[in-house]
Amino acid sequence: MSKTKILIIVMAFIFLLPARAMCQGIPTYDNTNFISLVKQLIESGKQTANIIKTVKFLKAQKENFEKVNDVVKQLRAVREIGRNNQRLIDMMQDDLRNILDSPYIKPEEVARVSESFTAVIENSLDTMDFIDEILSSDYLKMSDAERAEILKEKELESQEMVSNITTKTRRYKDIISFRKMQDKINNRETEY
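What comes next is a walk through the structure. (Residues numbered from 1 in each chain as written. Predicted model: local features only at pLDDT ≥ 70, side-chain atom pairs only at ≥ 80, totals over all residues. Heavy atoms only, no water.)

**Structural notes on a nonpolar patch on the surface**
Taken together, the side chains of Phe34, Ile35, Val38 and Ile42 present a nonpolar region at the surface, about 380 Å² in accessible area. Examined against the element boundaries, isoleucine 35 turns out to sit in helix H3 (residues 31-101). (Patch = residues over 30% accessible without salt bridge, like charges linked within 9 Å, V, L, I, M, F, W, Y side chains within 5 Å. Areas by Shrake-Rupley, 256 points an atom, 1.4 Å probe, with all protein chains shown as cover. Salt bridge = Lys/Arg side-chain N within 4 Å of Asp/Glu carboxyl O. Helix = DSSP H or I, 4+ residues; strand = E, 2+ residues; numbered from the N terminus.)

**As for the pattern of salt bridges**
Within this structure, the stated rule accounts for 7 salt bridges. For glutamate 80, the salt bridge identified is with arginine 83, shortest N-O distance 3.7 Å. Remark: arginine 83 and glutamate 80 occur in helix H3; sequence separation between them is 3 residues, near one turn of the helix. Salt bridges sharing common partners tie together Glu80, Arg83 and Arg87.

**Quick notes on the packing of aromatic side chains**
Enumeration according to the criterion identifies 1 aromatic pair in this entry. Judged by centre distance (6.3 Å) and plane angle (35°), the rings of phenylalanine 117 and tyrosine 172 are tilted. You can see phenylalanine 117 sitting in helix H4 (residues 107-136) and its partner tyrosine 172 sitting in helix H5 (residues 144-186), a full 55 residues away along the chain. Relative accessible area serves as the criterion here: at 12%, tyrosine 172 is assigned to the buried category. The side chain of lysine 154 reaches across the aromatic face of phenylalanine 130, ending 4.8 Å from its centre. Just above the ring of tyrosine 172 sits the side chain of arginine 171; from NZ or CZ to the centre is 5.6 Å. (Phe/Tyr/Trp six-rings, centres within 6.5 Å; stacked < 30°, edge-to-face > 60°. Buried < 20%, exposed > 50% of the residue type's maximum accessible area, 1.4 Å probe, protein only. Lys NZ or Arg CZ within 6 Å of the ring centre and 35° of its normal.)

**Focus: the packing of H3 against H4**
It is the contact of H3 with H4, at a shortest axis distance of 11 Å, that shows an interaxial angle of 160°. What the angle tells us is that H3 and H4 run roughly antiparallel. Considering how the two elements wind past one another, H3 and H4 form a crossing that is left-handed. Each of Gln74, Val78, Ile81, Asn85, Leu88, Met92, Leu96, Ile99 and Leu100 in H3 lies in contact with H4, whose residues at this interface are Val110, Val113, Ser114, Phe117, Val120, Ile121, Ser124, Met128, Ile131 and Leu135. Of the residues assigned to the contact of H3 with H4, the class counts are 15 nonpolar, 4 polar and no charged. (Axes fitted to C-alpha atoms, helices over the stretch in contact; angles between N-to-C directions. Parallel < 35°, antiparallel > 145°, perpendicular 65-115°, else oblique. Left-handed = near helix turned anticlockwise from the far one by under 90°. Contact = heavy atoms within 4.5 Å. Nonpolar A, V, L, I, M, F, W, Y, C, P; charged D, E, K, R; others polar.)

**Quick look at the nonpolar core**
In terms of nonpolar packing, the biggest core is built from 15 residues, with Leu88, Ile99, Val113, Phe117 and Ile165 touching the most fellow members. Those elements that place two or more of their residues in this core are H3, H4 and H5. With residues up to four places along the chain from it excluded, the contact list for phenylalanine 117 reads Met92, Leu96, Ile99, Ile165, Lys168, Thr169 and Tyr172. (Core = buried A, V, L, I, M, F, W, Y, C linked by side-chain atoms within 4.5 Å.)

**Observations regarding the side chain of serine 124**
Tracing the backbone shows serine 124 in helix H4. A residue is classified by how much of its surface remains accessible, and serine 124, at 4% relative accessible area, is buried. When sequence neighbours within four positions are dropped, the list of residues in contact with serine 124 reads Asn85, Leu88 and Met161.

Structure follows, in structure tokens:
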């Protein structure tokens, strides 16, 4: 058979079949469902993009909050160190002067008392210089959190210095009080 005859037979067969029989095996598409699906996909993509933007924004805000939190910690530590140093200075001005001016402190003890208080004050001044260096330079490119940690350590050291000075002052005052009481007992008049 020739190609022309086959083609004529196929065409005749197609025209002779009813339309329902011909459409039975061919799937049909509803364009409205397809368009709706595309719209949903586009909307979902927009929502995903917005969620990604929100996550990035929240992450940036968390980092900013942590930076601010570290700076606040640094400021609190520096403020506390400043207060502790002021307490040390006040103790040095008031208590040390009273201790050294007391007639119950022996001359050989004056140098020892002065040296112990001076060592604490020098340590305090070194701490302040170190803090100034940390805050005014990058100090080996440390982060705010690392800087806050060092300042917190220095704050604890300054509290320890205040505690040491308080203990030494109390001890010297107790010594003076004891010697004063001893002097009164030794120099009292007897009425026998």
